[in-house]
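Residues per chain are reported as follows:
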Amino acid sequence: LTVLSALLFALLVIFAFLVSSRHVLHPKQDAQTAKNDYRVYTFDVVNEYDHDSFAFTQGLVYAGNDTLYESTGMYRSSSVRKVHVQSGKVLQLHQMEDKYFGEGLTLLDHRLFQVAWRITSGFIYDTDTLSRLGSFRHPMKDGWGLATDGKVIFGSDGTSTIYVMQPSTFKEEKRFLVKDQNKEITQLNELEYVDGELWANVWMTDCIVRISPLNGQVLGWILLHELKSNLLARSYKGVDVLNGIAWDNKQNRLFVTGKYWPKLYEIKPGRIE
Ligand code: DDQ
Ligand code: CA
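The rules behind each value
Residues numbered from 1 in each chain as written. Chains lettered and ligands numbered in written order. Predicted model: local features only at pLDDT ≥ 70, side-chain atom pairs only at ≥ 80, totals over all residues. Heavy atoms only, no water. Helix = DSSP H or I, 4+ residues; strand = E, 2+ residues; numbered from the N terminus. Rg over C-alpha atoms; globule rule 2.2 N^0.38 Å. Contact = heavy atoms within 4.5 Å. Areas by Shrake-Rupley, 256 points an atom, 1.4 Å probe, with all protein chains shown as cover. Lys, Arg positive; Asp, Glu negative; His and termini not counted. Charge placed at Lys NZ, Arg CZ, Asp CG, Glu CD. Donors = N, O, S within 2.8 Å, 3.2 Å for Na, K, Ca; no water. Tetrahedral: all angles 85-135°; square planar, octahedral: opposite > 155°, others 65-115°. Buried < 20%, exposed > 50% of the residue type's maximum accessible area, 1.4 Å probe, protein only. Pairing = 2+ DSSP bridges. Axes fitted to C-alpha atoms, helices over the stretch in contact; angles between N-to-C directions. Near = heavy atom within 4 Å. Polar contact = N/O pair within 3.5 Å; in protein donor to acceptor, adjacent residues only side chain to side chain. Nonpolar A, V, L, I, M, F, W, Y, C, P; charged D, E, K, R; others polar. Core = buried A, V, L, I, M, F, W, Y, C linked by side-chain atoms within 4.5 Å.

Along the protein chain, the regular secondary structure elements total two helices and 22 strands. For a compact globule of 273 residues, the expected C-alpha radius of gyration is about 19 Å, and the protein chain comes in at 24 Å, more than 25% above that figure. Based on the C-alpha atoms only, the size of the protein chain along its principal axes is roughly 95 × 45 × 30 Å. In the protein chain, 50% of the contacts between residues at least 6 apart in sequence involve partners at least 24 apart. Within the structure as shown, the protein chain displays about 14000 Å² of accessible surface, and the carbon and sulfur contribution to it stands at 55%. Of the side chains in the protein chain, 30 bear a positive and 31 a negative charge, and the two mean positions are spaced by 3 Å.

Have a look at this one:
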C-alpha cells in the first residue's frame, strides 16, 4: 500500500508539474517563434568606391547604368546630383537655394522627388537635366527620408511615423508607427524600398532597420558600425553618421554611404541571429 500511495503521489507531483509548467513553457515557445522571425544582420563589404567627402548625404537612390542620384544637405550648399558609382564622380549637379536643407530623395517615372529639412514642401526634378519641374506638399512638418515601391511614396520625418503618399496627388494614403515588438523606433531617416521591405537609417545609430511596409513592424536590424570605425581608423576626418541606402534591384546590389563619408560601399548583409 505504501508503494502504491508513493507511486500515486509521484504521479500527482508529475501531473502538477506538467500543469504548472504549461503556462510557463508557453510564453517561452512564443518568444522562440518570434525570435526565429526576427533577424539581426552583420555584413560583408563587396566593393568600396570613392564618394565626395563634402557631400552631406541625405538621400540616395540607384538609377541603373551604374549611376546614383544623391541629395545633400546643409544650408547654402544643398544639392541634387547624379553620381557615377565606380568613380564616385559627380556627373551633374543642381545647386539648391541657400535657404533649403536637402533631405530624402526618390525616383519615380523619370522624376526625382526630394524633401527638405524642417519644411513641408518637397521638390520635383527632371532626371536628365536635374532642373526643377515643380514642388509638392507632404503631410508632415519636417522632411527626412523618401522611398518608393514604384506605386506609392513612403516618407519619414525623424519620428517613428512613416507616411504613405500617392505620387500623382501627394495625398496621404495612410501612416503607421514603426515598432520593434512594442517599442517605437524614432529618428527614422534615409529610406529605401528593398525587395518588399522598407529599410531606414536610424539617425546616429549606424544601423539600418528593416520594416514591414504593411504595418510598420520591425523585421530586423543590420549593424553597420564597422564601416565608420574603419574610416576613422584610416584617419579620415569629419566622417559623420551612416546615411544613404540605395538598392539596385536588377543586379541585387546594395549601396550605403554616410554624411561626409569619403567612401561608398556595396555590401551584402549576412544573418547573425
Ligand atoms: N537630419 O538629417 C537628421 C534630418 C538632419 C541633420 C541636421 C544636422 C544639423 C547640422 C547643423 C545645421 C545648422 C543649422
Ligand atoms: Ca534611399
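Distances from the calcium ion (ligand 2) to its protein donors, L60 (O), E190 (OE), E190 (OE), L191 (O), E192 (OE) and I245 (O), fall at 2.3 to 3.0 Å. Geometry at the calcium ion (ligand 2) is irregular, judged from its six donor atoms and the angles of 46 to 176 degrees they form at the metal. In primary-sequence terms, the residues that donate to the calcium ion (ligand 2) follow L-x129-E-L-E-x52-I. Considered together, E190 and E192 belong to a single accessibility category, that of buried residues.

The four strands are arranged 2-3-4-5 in an open sheet whose pairing can be described as antiparallel. Strands at the two margins of the open sheet, each flanked by one partner only, are strand 2 (57–62) and strand 5 (90–95). Direction aside, the axes of adjacent strands within the sheet are offset by 15 degrees on average. Relative to strand 4 (residues 79–84), strand 3 (residues 67–72) runs antiparallel, the two being bridged by six bridges. Across the sheet, the residue bridging to E70 is R81, located in strand 4.

All residues in the neighbourhood of ligand 1 are listed as Q58, M74, Y75, F101, E103, W117, W144, N189, W203 and K259. A distance of 3.2 Å separates an oxygen atom of ligand 1 from a polar side-chain atom of Q58. Within the contact set of ligand 1, an oxygen atom lies 3.5 Å away from a side-chain nitrogen or oxygen of E103. Here the shell around ligand 1 is composed, by residue class, of six nonpolar, two polar and two charged.

Right, let's talk about the sheet that holds strand 8 (residues 121–126) for a bit. Spatially, the four strands line up as an open sheet ordered 6-7-8-9, and their pairing is antiparallel. Among the strands making up the open sheet, the edge pair consists of strand 6 (102–108) and strand 9 (132–137). The mean angle between the axes of side-by-side strands here comes to 25 degrees, regardless of whether they run parallel or antiparallel. Bridging between strand 6 and strand 7 (residues 111–116) involves five bridges; their strand directions are antiparallel. Considered in strand 7, the bridge of T106 is made with F113.

Structurally, S212 is set in the loop between strand 18 (207–211) and strand 19 (218–223). Aside from chain neighbours lying at most four places away, what touches S212 is F176, Q217 and L219.

Looking now at the side chain of S78. Mapped onto the elements, S78 comes out in the loop between strand 3 and strand 4. Of the polar contacts made by the side chain of S78, one reaches the backbone oxygen of T72; its length is 3.3 Å. If we skip the residues at most four places from it in the chain, S78 touches T72, G73, H94, Q95, M96, Y100, F101 and G102.

With phi around 60 degrees, R118 is a residue other than glycine that occupies positive phi space. Relative to the helices and strands, R118 is located in the loop between strand 7 and strand 8.

We now examine the nonpolar core. Judged by nonpolar contacts, the single largest core of 20 residues is most densely connected at I162, V178, L188, V209, I211 and W221. Sorting the residues of this core by element identifies strand 12 (161–165), strand 16 (188–194), strand 17 (197–202), strand 18 and strand 19 as the ones contributing at least two each. Counting residues in each nonpolar core, the second largest holds 18 residues, with F43, L231, Y265 and I267 among its members.

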